[in-house]
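Structural overview for review
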Amino acid sequence: MGRRKLFYQETYVSFFVSLVFIFHRGVICQDDSSLDNPAANRLYNQFVFDKISNLTEVFEDDIKRELGFCITNVKEDYNEAFNFSSKPGFLNKCGKTTKGDMMQRICTAAEVRIYFNGLLGGAKRATNYLKPNKNCNLSSWMFGCEPGWACRTAKDVKVDLKDDKNVPVRTQQCAPYCAGFFCPRGITCMIPCPLGAYCPEAKLNRTTGLCDPYVLFFFFTFMFLSFVLEDLVRLEVIFCRYHYQLPSGQPNHTCGGADIWADIVSSSEVFCSAGSFCPSTIDKLPCTRGHFCRTGSTAEKNCFKLATCNPRSTNQNITAYGIMLFAGLGFLLIILYNCSDQVLATRERRQAKSREKAVQSVRETQTQEKRKSAKDIAKKHATELQQSFSRTFSRRKSMKQPDLMRAMQEQNKNLTFSGVISMANDIEIRKRPTIEVAFKDLTITLKGKNKHLMRCVTGKLSPGRVSAVMGPSGAGKTTFLTALTGKAAGCTMSGMILVNGKVESIQSYKRIIGFVPQDDIVHGNLTVEENLWFSARCRLPADLPKPEKVLVVERVIESLGLQHVRDSMVGTVEKRGISGGQRKRVNVGLEMVMEPSLLVLDEPTSGLDSSSSQLLLRALRREALEGVNICMVVHQPSYTLFRMFDDLILLAKGGLICYQGSVKKVEEYFSSLGIVVPERVNPPDYYIDILEGILKPSTSSGVTYKQLPVRWMLHNGYPVPSDMLKSIEGMASAENSAHGGSAHGSVVGDDGTSFAGEFWQDVKANVEIKKDTLQNNFSNSGDLSQRQVPGVYQQFRYFLGRLGKQRLREARTLAVDYLILLLAGICLGTLAKVSDETFGAMGYTYTVIAVSLLCKITALRSFSLDKLHYWRESRAGMSSLAYFLAKDTVDYFNTIVKPLVYLSMFYFFNNPRSSVGDNYIVLICLVYCVTGIAFALAILFEPGPAQLWSVLLPVVLTLIATSTNDNKIVESISELCYTRWALEAFVVSNAQRYKGVWLITRCGSLMENGYNIKHFPRCLIFLTLTGSFVW
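Residues numbered from 1 in each chain as written. Predicted model: local features only at pLDDT ≥ 70, side-chain atom pairs only at ≥ 80, totals over all residues. Heavy atoms only, no water.

**Regarding the overall build of the protein**
Looking only at helices and strands, the protein features 31 helices and 19 strands. Total accessible area computed for the protein in this model is approximately 47600 Å², and 55% of it derives from carbon and sulfur atoms. (Helix = DSSP H or I, 4+ residues; strand = E, 2+ residues; numbered from the N terminus. Areas by Shrake-Rupley, 256 points an atom, 1.4 Å probe, with all protein chains shown as cover.)

**Considering a nonpolar patch on the surface**
Residues L948, L952, V955, V956 and L959 make up a contiguous nonpolar surface patch of about 430 Å² in total accessible area. Structurally, L948 is set in helix α27 (residues 943-961). (Patch = residues over 30% accessible without salt bridge, like charges linked within 9 Å, V, L, I, M, F, W, Y side chains within 5 Å. Salt bridge = Lys/Arg side-chain N within 4 Å of Asp/Glu carboxyl O.)

**Topic: helix α18 (residues 708-716)**
Buried within α18 we find L708, P709, V710, W712 and M713. Looking one or two residues beyond α18, the residue adopting positive phi is G717, at roughly 80°. (Buried < 20%, exposed > 50% of the residue type's maximum accessible area, 1.4 Å probe, protein only.)

**Regarding the state of the cysteines**
Counting across every chain of the model gives seven disulfides. Residue pairing for C151: its cysteine sulfur links by disulfide to C174, the two sulfurs lying 1.8 Å apart. Here the disulfide of C151 and C174 is right-handed, its torsion about the S-S bond being about 105°. Linking C151 in strand β1 (residues 149-153) with C174 in strand β2 (residues 170-176), this pair joins segments that are 23 residues apart in sequence. On the accessibility criterion, C174 (21% relative accessible area) is partly exposed. At a sulfur-sulfur separation of 2.2 Å, the disulfide partner of C193 is C199. Since a negative S-S torsion denotes a left-handed disulfide, the C193-C199 link at about -110° is left-handed. (Disulfide = S-S within 2.5 Å.)

**Side note on the sheet that holds strand β12 (residues 451-461)**
One open sheet accounts for three strands, arranged β12-β11-β14; its pairing is antiparallel. Of all the strands in the sheet, the pair left with one neighbour each is β12 and β14 (491-499). Going from strand to strand, the sheet's axes swing by 5° on average, the running direction of each strand aside. As paired elements, strand β11 (residues 437-446) and β14 share eight bridges and run antiparallel to each other. (Pairing = 2+ DSSP bridges. Axes fitted to C-alpha atoms, helices over the stretch in contact; angles between N-to-C directions.)

**Description of the packing of helix α25 (residues 880-910) against helix α26 (residues 916-940)**
At their nearest, the axes of α25 and α26 sit 8 Å apart, and the two run at 135° to each other. Overall, the two elements α25 and α26 adopt an arrangement that is oblique. By crossing handedness, the relation of α25 to α26 is classed as right-handed. In the contact of α25 with α26, the residues fall into 16 nonpolar, three polar and three charged. (Parallel < 35°, antiparallel > 145°, perpendicular 65-115°, else oblique. Left-handed = near helix turned anticlockwise from the far one by under 90°. Nonpolar A, V, L, I, M, F, W, Y, C, P; charged D, E, K, R; others polar.)

**So, the environment of I657**
Following the sequence through the fold, I657 ends up in strand β19 (residues 656-662). For I657, a relative accessible area of 2% corresponds to the buried category. Here the alpha-carbon distance between I657 and M713, two residues 56 residues apart in the chain, equals 8.3 Å. Those residues in contact with I657 that sit more than four places away from it in its chain are C456, V457, T458, I649, L650, L651, P709 and W712. (Contact = heavy atoms within 4.5 Å.)

**Remarks on helix α13 (residues 580-592)**
Here α13 contains 13 residues, and its C-alpha end-to-end distance of 19 Å stays within 8% of the 18 Å for a straight helix at 1.5 Å per residue. For α13, the full list of buried residues reads G581, Q582, K584, R585, V586, N587, V588, G589, L590, E591 and M592. Close packing links the buried residues of α13 with β15 (513-516), α11 (528-539), α12 (546-559), β16 (598-602), α14 (610-624) and α24 (841-875). (Expected span 1.5 Å × (residues − 1).)

**Focus on the packing of aromatic side chains**
Summed over the entire model, instances satisfying the criterion amount to 23 aromatic pairs. Here F670 and Y687 contribute two aromatic rings whose centre-to-centre distance is 4.4 Å and whose plane-to-plane angle is 25°, an arrangement assigned as stacked. Of the two residues, F670 is situated in helix α16 (residues 666-672) and Y687 in helix α17 (residues 683-692); the sequence distance between them amounts to 17 residues. Per residue, the accessibility class of F670 equals that of Y687, and both read buried. Geometrically, the ring pair formed by F941 and W949 is stacked, given 6.1 Å between the ring centres and 25° between the ring planes. Its relative accessible area of 40% is what places W949 among the partly exposed residues. Through a chain of ring-to-ring contacts, the aromatic side chains of F534, F799, Y870, W871, Y883 and F884 assemble into a single cluster. The cationic tip of R802 hangs over the ring face of F534; the distance from NZ or CZ to the ring centre is 4.2 Å. (Phe/Tyr/Trp six-rings, centres within 6.5 Å; stacked < 30°, edge-to-face > 60°. Lys NZ or Arg CZ within 6 Å of the ring centre and 35° of its normal.)

**As for the nonpolar core**
Formed by 117 residues in total, the largest nonpolar core has its most connected members in F181, M190, Y902, L926, Y978 and L1006. Top contributing element to this core by residue count: α25, with 13 residues. Those residues within four positions of L1006 in sequence are excluded, and the remaining contacts are F69, C70, V987, V988, A991, Y1011 and I1013. By size, the runner-up hydrophobic cluster in this structure holds 93 residues, among which are L461, V556, L620 and A624. (Core = buried A, V, L, I, M, F, W, Y, C linked by side-chain atoms within 4.5 Å.)

**Topic: the pattern of salt bridges**
For the structure on display, the rule yields 21 salt bridges. Note that E810 is salt-bridged to R807, the shortest N-O span being 3.6 Å. Classification of R807 as buried rests on a relative accessible area of 17%. Across the pair D891 and R807 runs a salt bridge whose closest N-O atoms are separated by 3.8 Å. Within this pair, whereas D891 is found in helix α25, its partner R807 is found in helix α22 (residues 792-808), the two being separated by 84 residues in sequence. A residue is classified by how much of its surface remains accessible, and D891, at 6% relative accessible area, is buried. Members of the salt-bridge network, linked through shared partners, are E529, E554 and R566.

**A closer look at the UniProt feature "transmembrane region" (unreviewed entry) in the protein**
Cross-referencing UniProt, the feature "transmembrane region" (unreviewed entry) maps to residues 214-233, 318-337, 815-832, 844-863, 921-941 and 947-964 in the present numbering. For the annotated span residues 815-832, helix accounts for 94% and strand for 0% of the residues, and the straight-line distance between the end C-alpha atoms is 25 Å. Annotation note: span residues 947-964, helix share 83%, strand share 0%, distance between end C-alpha atoms 29 Å. (UniProt positions renumbered as here; feature names shortened; annotations may be inferred.)

**Section: the sheet that holds β16**
Strand order in the open sheet formed by six strands is β15-β16-β17-β13-β18-β19, with mixed pairing between adjacent strands. Bordering the open sheet on either side are β15 and β19, each of which pairs with just one other strand. Strand-to-strand twist of the sheet, defined as the mean angle between neighbouring strand axes without regard to direction, takes the value 15°. Taken together, the four bridges between strand β13 (residues 466-470) and strand β17 (residues 629-633) define a ladder with parallel strand orientation. Looking across to β17, one finds that V469 is bridged to V633. Against the sheet, α14 makes contact with β13, β16 and β17, and its axis sits at roughly 150° relative to β17, the strand it touches most.

Put into structure tokens, the structure is as follows:
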């Protein structure tokens, strides 16, 4: 940091000296006789400024190179500070005062060199005197050496302002120099004051004996050394501030003009005071009513129509605009809050009518096709019946008439309309692509612990059949389902899984595989029909007509018994909706509407009563008629429900299989082992109680529950591991009995593993689970399902419509968020007023922290609620890109509106010099950036840690970005902080409005913070790229 400050100190030299030289070279001699001639004055002024304008190009490259961090356009900034063409009167007055020898009183390059060299020596001695020079030394100290005074050269001496080696002798006609110029103590020449400064001649204060109002303060003068000094020397200065005094013993000596131009803190008396404006450096006028004048103003500015501006106003009070904007936004929020539901209801009614027409059209078409098919079947059947009658009469002439009539009725029963339609429906059942899953010697081991979750499981799941997976708690039922679908995270899987008789990844068929999770992951702020319709549109074939899709959804709603709640909100924890059983059926319906070929359900009947469970199972059996392979985990179903299953997979603790086959043969198999179900006892309850160890088989059977898995393997001729044979010989240890033997999974720590070893195994297991989860979520194993779902663009439209509905239904939460932003804007805008010394850095620091916190919390709440839904939908094959693009698009509303809401209060209460547009653009980029960071935190962490990181990040990064520590590591880190980019953009946008007399203050403030006035676009780009990258 020290080297950077020294570098900026050096660069100030070039800037200041360049400006001085430019102005010096534009000044020419003027005859005293022509000073009262207006035409001559105009020609003189035009000639001077032509010279200035032409010579600016000489130093443009130097200024750009040395002062690029605070100067954007050399000519523009120069004109803002030293273009006196509009008010050149002080030049003419100075010409009159000096009687035409003004050119001989302006400092040359050599005098500037001595001046700065003298300042350097004075700084080392901790004094305020320059080094002795040709004009001011121990033997020669004239009035011109005093502050505010200047002398001229002899008339016959030609002054070359470009000469930086030879110092002209300035000892004649010493006098107070002209108003509009300043001269420090120790040199006998003068320098013009910039625009926005007020530099009249000083007046003697008889009370204090000081020349008011100016101060002598060597601050930035010590920084202007790089242009005139060849060797760079570090400055260590003891600054002091005082009004200069008249020399003692010199009664004829009077006060001169200003003695220094520096920053606002060091030389505030030089700046045109607030409430007044200075059209030139020697004129100061009070602001009139209806106008306001900030410090350093060259003209008064008109106040807005509703602003309050009394005479001598230092700023305009534009709070009324903030109140109006607050009222407007509040009115819009009220409309949004009260009318959002009505808009959605109207839209849904129109869509419902469209869907009803589509369904009616499809049903009429299907009815016509069925009637035609029935007619063809009837004709064919009538022909076959006629032929049958002919054969019957020829062979059985002796048949009695009543018997013949009964035979004819039996043959003709299917020729009724209902019978023919029934036959047509049986023929019209659409078959789907079938998936048969066979598994052989399937073993699943937990990584890091070498613990078996399942072992030696062999069987098959056939299309068109409903299979039930049962077993006691800890038997690995859910693990079995996740293994079949290829989602067993953190586990090593051995054995073989065949899909349609081929060794293929089950993930390749995920577009036609439905997985119903145990938890009801359903969007609570959508209706039942909206949830099902969205799943159907995204997952059904893209070439399937919309009426067909509508019919699929209608069929699922009807089969699941959800007709009377189809337009009801599903509900959330905060807002109750449909019942738990109905919610469970909606959870199943999300997978049924995509017409899967393999449907896997994890405890779909949990929480349902008997009638609802039967209704659900009947719907699933209807799906099985179309060739769907259905496998579901069930906990102790009723006997009626149990008999509705086709196959049963019975697991023992430790993931060992005890039975796999037809439900009708399960009792026969266990009876062969001596395990007979008592009368009036539900068979699945009885078997699970035995596997749990609650009931023991009869002693006559000679079988224990530990031996049942081995008995099944021996019954089917499967190979049995040697360690499992011990159980059938009665050699199982007591420790393993709770888990079905050592093969059932050993307890870590029984083999003498230390606590540290056990802890390390747990860490490795958790890491493997996270790793496999990410691989399962983002892996691409190709597609073998032969189903073309809607593309990214079409899914993007579906996601966009769904997210739009959800946001409209969250109008109350949105209104609260906006209200908090409004209050934050009022508080920070009122308390953190803009400081001219720092260009509002403190208020903007609070703004960055407040906006970051509020927007991150909102984004976390938005995404954390959708996190489970996103994982389910992405695993089902929906486009993650479409989801994030839609979420990004919908959140653009907040990205655009939230900065406006905050600025409506902050800007109009704080009233900085930067424009609303500049602040709004920076806030948009900041909100976009922090929203993206919040989404990344929501993905990577659980809700609790994500919220903690969202609070810590803006605070810590802001502290790093504003740190004044000279540590290079801290500086490097601060360059990568988004808070620094936002702060720099805010400060730079405000600093650009400070011109003229503010140039030194602007450069000093940017220097102190390490900002660059040209980095405004770069900061916005960095903020936007950071938000886009993490999104």
